[in-house]
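Residue-level listing of the chains:
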Amino acid sequence: MWFKNLQIYRLTAPWTLSAEQLEAALAPQSFAPCSSIDLQTQGWLSPRANGMLVHTVNRQLLLQLGTEKKLLPSTVINQVTKARAAEMEEQQGFKPGRKQMKELKEQVTDELLPRAFSIQRSTHVWIDPVNGWLVVDAASPAKADEVFKLLLKSLESLPFASLRTERSPLTAMTDWLAADEAPAGFTVDQDTELRATGEGKATVRYVRHTLEPEDVRRHIAAGKQCTRLAMTWADRVSFVLTESLAIKRVAPLDVLKENADAGTQNEDERFDTDFALMTGELAKLIADLVEALGGEEQQKKAA
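Residues numbered from 1 in each chain as written. Predicted model: local features only at pLDDT ≥ 70, side-chain atom pairs only at ≥ 80, totals over all residues. Heavy atoms only, no water.

The next point concerns the pairing of strand β9 (residues 203-206). Alternating positions in β9 separate cleanly, Val-204 and Tyr-206 being buried on one face and Thr-203 and Arg-205 remaining unburied on the opposite face. Bridging between strand β8 (residues 186-196) and β9 involves 4 bridges; their strand directions are antiparallel. Bridge assignment links Thr-192 to a residue of β9, and that residue is Tyr-206. From the end of β8 to the start of β9, which pair antiparallel, there are 6 residues, and Lys-201 there has a positive phi angle of about 50°. (Buried < 20%, exposed > 50% of the residue type's maximum accessible area, 1.4 Å probe, protein only. Helix = DSSP H or I, 4+ residues; strand = E, 2+ residues; numbered from the N terminus. Pairing = 2+ DSSP bridges.)

For the structure on display, the rule yields 4 aromatic pairs. On the numbers, 4.7 Å between centres and 85° between planes, the contact of Tyr-9 with Phe-148 is edge-to-face. Of this pair, Tyr-9 sits in strand β1 (residues 7-11) while Phe-148 sits in helix α4 (residues 141-154), placing them 139 residues apart in sequence. Neither residue differs from the other here; Tyr-9 and Phe-148 are each classed as buried. (Phe/Tyr/Trp six-rings, centres within 6.5 Å; stacked < 30°, edge-to-face > 60°.)

Our focus in this paragraph is the environment of Asp-191. Mapped onto the elements of the fold, Asp-191 is located in strand β8. In this structure Asp-191 comes out as buried when scored by relative accessible area, which is 12%. The sequence separation of Asp-191 and Val-237 amounts to 46 residues, and the corresponding C-alpha distance is 15 Å. Once residues lying within four places of it in the same chain are set aside, the contact partners of Asp-191 are Tyr-206, Val-207, Arg-208, Arg-228, Leu-229, Ala-230 and Arg-249. (Contact = heavy atoms within 4.5 Å.)

Buried within helix α1 (residues 19-26) we find Leu-22, Glu-23 and Leu-26. Viewed end-on, α1 has its buried residues packed into an arc of 105°, placing them on one side of the element. Exposed and facing more than 90 degrees away from the buried side of α1 are Glu-20 and Ala-24. Of the surrounding secondary structure, the elements contacted by the buried residues of α1 are β2 (40-45), β4 (60-71), β5 (117-128) and α4. (Arc of directions from axis to C-beta.)

Spatial ordering of the open sheet is given by β9-β8-β10-β11-β12, a layout of 5 strands whose pairing is antiparallel. The open sheet terminates on both sides in strands that have one partner only, identified here as β9 and β12 (247-252). Taken pair by pair, the neighbouring strands of this sheet meet at an average axis angle of 15°, ignoring direction. Helix α6 (residues 213-221) rests against β8, β9 and β10 (224-233) of the sheet, and its axis sits at about 160° to β9. (Axes fitted to C-alpha atoms, helices over the stretch in contact; angles between N-to-C directions.)

Turning our eyes to something else, we now look at the packing of helix α2 (residues 74-92) against helix α3 (residues 98-112). Two elements in contact, α2 and α3, have axes separated by 9 Å at closest approach and are oriented at 125°. If you check the angle between α2 and α3, you find them oblique. Here α2 runs over α3; the crossing is right-handed. Of the residues in α3, those touching α2 at Val-76, Ile-77, Asn-78, Val-80, Thr-81, Arg-84, Ala-85, Met-88 and Gln-92 are Gln-100, Met-101, Leu-104, Lys-105, Gln-107, Val-108, Thr-109, Glu-111 and Leu-112. Class assignment for the residues of the contact of α2 with α3 results in 9 nonpolar, 6 polar and 3 charged. (Parallel < 35°, antiparallel > 145°, perpendicular 65-115°, else oblique. Left-handed = near helix turned anticlockwise from the far one by under 90°. Nonpolar A, V, L, I, M, F, W, Y, C, P; charged D, E, K, R; others polar.)

You can see Glu-281 is positioned in helix α8 (residues 267-292). With sequence-adjacent residues up to four places away left out, Glu-281 is seen in contact with Trp-2, Trp-233, Arg-236 and Leu-256.

Before going further, it helps to examine the layout of surface pockets. Size it by volume and the largest pocket reaches roughly 230 Å³. As for the largest pocket, its lining consists of 13 residues, and the residues nearest its centre are Ser-162, Leu-163, Ser-244, Leu-245 and Ala-246. Class assignment for the residues of the lining of the largest pocket results in 7 nonpolar, 5 polar and 1 charged. Lining the second largest pocket are Trp-176, Leu-177, Asp-180, Glu-181, Ala-182, Val-188, Asp-189, Gln-190, Thr-210, Leu-211, Pro-213 and Val-216. (1 Å grid on protein atoms, 1.4 Å probe; cavity = no way out; pocket = protein on both sides within 12 Å on 5 of 7 lines; lining within 4 Å. Points joined across faces, edges and corners; volume = space filled by probe spheres on them.)

Read these as layout, nothing more, since geometry by itself doesn't imply function.
What follows is the structure, encoded as structure tokens:
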């Protein structure tokens, strides 16, 4: 299993909880499906089939947040409420007031919820006590916030902070393109986005298109900056770096897939092998990327 997106956070204090202690802390917030009156539920699931809530391989911890949400569009609620209000008006001889409409809408919602379809999704969380990282497999910070909200319900404290580097990704990516030179250990791929800072925010996107240095420099000279850049690290992992320091579209390349496919393994062994390989490679990738961005801001200030 490989994370597709990385929202990266720094653990600001040494991780002291054992897997067993973390398991006990998460257990009260275990996932339970929506009842007939729930619009949404969230809780912790086992990352591996029939496993524990906290899965450990080589001191690396894996969690999984489960979410179930009922699909009950507001348009449906409003349509049924409007029909019920018309019936009420006919019966009582006048339109229902604001309070009646509110109560009617709540009643309709309660009636429709048990019949609503539901969807489930999961969000994986990787805690790296060795290198001090907490990484959420989420495309947006809002999804990561759901993880932290539930973690803080389970733990007395969670010392973490967003990763901040001396150079902003926006500035660094723009400089790399302007110089037509990627940082050591990285190559620039064919997808990028350049956006102007003015009111119009004119945007140029290259998708699977060779980046011609002169064309790119012309856009940069016109005031555009690089907000997304596809890159490859060490010929092993491809990804897209964003201006917010999120890493998206993470994909292991063939050399890693060949290593993972080597040998005969059952499903559980394969899961552990993939997790160990992923965490080992991504920890190195993150470290090299932070170095390419001038190091961590807080570390330099503390020094």
